[in-house]
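Residue-level listing of the chains:
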Amino acid sequence: MGITYFKSEIGDNNIIVGGDYTINQNTFSKEDILKIFENMCNYYYIKNLITYKLRLHNFILESLPYYEWTPEEEQEFFIVLGDTSEFLDEQINYYKVAIDALPNSVNGKRLKWAYIKCKIIKFFRELFPVNN
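Procedures and definitions
- Residues numbered from 1 in each chain as written.
- Predicted model: local features only at pLDDT ≥ 70, side-chain atom pairs only at ≥ 80, totals over all residues.
- Heavy atoms only, no water.
- Helix = DSSP H or I, 4+ residues; strand = E, 2+ residues; numbered from the N terminus.
- Contact = heavy atoms within 4.5 Å.
- Areas by Shrake-Rupley, 256 points an atom, 1.4 Å probe, with all protein chains shown as cover.
- Expected span 1.5 Å × (residues − 1).
- Buried < 20%, exposed > 50% of the residue type's maximum accessible area, 1.4 Å probe, protein only.
- Patch = residues over 30% accessible without salt bridge, like charges linked within 9 Å, V, L, I, M, F, W, Y side chains within 5 Å.
- Salt bridge = Lys/Arg side-chain N within 4 Å of Asp/Glu carboxyl O.
- Arc of directions from axis to C-beta.
- Axes fitted to C-alpha atoms, helices over the stretch in contact; angles between N-to-C directions.
- Left-handed = near helix turned anticlockwise from the far one by under 90°.
- Nonpolar A, V, L, I, M, F, W, Y, C, P; charged D, E, K, R; others polar.

**A look at the overall build of the protein chain**
Inference 1: The helix and strand inventory of the protein chain stands at six helices and two strands.
Inference 2: Shown N-terminal to C-terminal, the secondary structure of the protein chain runs as helices and strands in the order β-α-β-α-α-α-α-α.
Inference 3: Intrachain contacts of the protein chain at a sequence separation of at least 6 include 53% that bridge at least 24 residues.
Inference 4: Accessible surface, the protein chain: about 8,500 Å² in total, of which carbon and sulfur atoms supply 55%.

**Topic: helix H4 (residues 71–84)**
Inference 1: Over its 14 residues, H4 runs 20 Å from end to end, which matches the ideal 20 Å to within 8%, given 1.5 Å per residue.
Inference 2: When H4 is considered as a whole, its buried residues turn out to be Glu 73, Gln 75, Phe 77, Phe 78, Ile 79, Val 80, Leu 81, Gly 82 and Thr 84.
Inference 3: Its buried side turned inward, H4 meets helix H2 (30–45), helix H3 (50–63), helix H5 (88–101) and helix H6 (108–127).

**Quick look at a nonpolar patch on the surface**
Inference 1: Among the surface-exposed residues, Trp 113, Ile 116, Ile 120, Phe 123, Phe 124, Leu 127 and Phe 128 lie close enough to one another that they form a single nonpolar patch of about 760 Å² accessible area.
Inference 2: Relative to the assigned elements, Leu 127 resides in helix H6.
Inference 3: Of the residues examined, Leu 127 reaches a relative accessible area of 45% and is grouped as partly exposed.

**Details of H6**
Inference 1: Under the 1.5 Å per step criterion, the end-to-end length of H6 is 28 Å for 20 residues, consistent within 8% with the ideal 28 Å.
Inference 2: Turning to H6, its buried residues are Gly 108, Leu 111, Ala 114 and Cys 118. The buried side chains of H6 occupy one side of the element, clustering within an arc of 130° when seen end-on. Facing away from the buried side of H6 by more than 90 degrees, the exposed set consists of Lys 109, Trp 113 and Lys 117.
Inference 3: Summarising the contacts, the buried residues of H6 are in contact with H4 and H5.

**Focus on the packing of H2 against H4**
Inference 1: At a minimum axis separation of 13 Å, H2 and H4 run at an interaxial angle of 35°. In terms of crossing hand, the pair formed by H2 and H4 is left-handed. Each of Lys 30, Leu 34, Phe 37, Cys 41 and Tyr 45 in H2 lies in contact with H4, whose residues at this interface are Glu 73, Glu 76, Phe 77, Ile 79, Val 80, Asp 83 and Thr 84.
Inference 2: Looking at side-chain class alone, the contact of H2 with H4 contains seven nonpolar, one polar and four charged residues.

**Here's the deal with the pattern of salt bridges**
Inference 1: Tallied over the entire structure, the rule returns five salt bridges.
Inference 2: Residue Asp 89 is joined to Lys 122 by a salt bridge in which the shortest nitrogen-to-oxygen separation is 3.0 Å. One end of the pair, Asp 89, is in helix H5; the other, Lys 122, is in helix H6, and 33 residues separate them in sequence.
Inference 3: Where Asp 100 meets Lys 96, a salt bridge forms, and the shortest distance between an N and an O atom there is 3.1 Å. Residue Asp 100 and its partner Lys 96 are located together in helix H5, separated by four residues, close to a single helical turn.
Inference 4: Here Asp 100 falls in the partly exposed class, since its relative accessible area comes to 47%.

Written out as structure tokens, the structure reads:
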């Protein structure tokens, strides 16, 4: 069970860097979630801080069901979910959903290559299993 943070505790320019957290629909507006998402992407994702990417991943998963998102917002969420996932099958699924959300988007070509790369890796892992 996570700790619930309220907007007043996070503030407009602060970033959640420690602990678990949950998002409550009554606590954060859609704009607040997008702002926190942007801050977390700038802090964890773009700076490639691997140890914090799971927090970003979980934040997106907890935020997705609360509001109706535009196809562009959904695609961005699913791209980051794919990029921050530790599991190959999960990455493949998230990239596929992102491609399906906006098939002719600017990110479409990059997503298709990421999707194909993951499928090839999965194929070779199945073809040449590694026994520990």
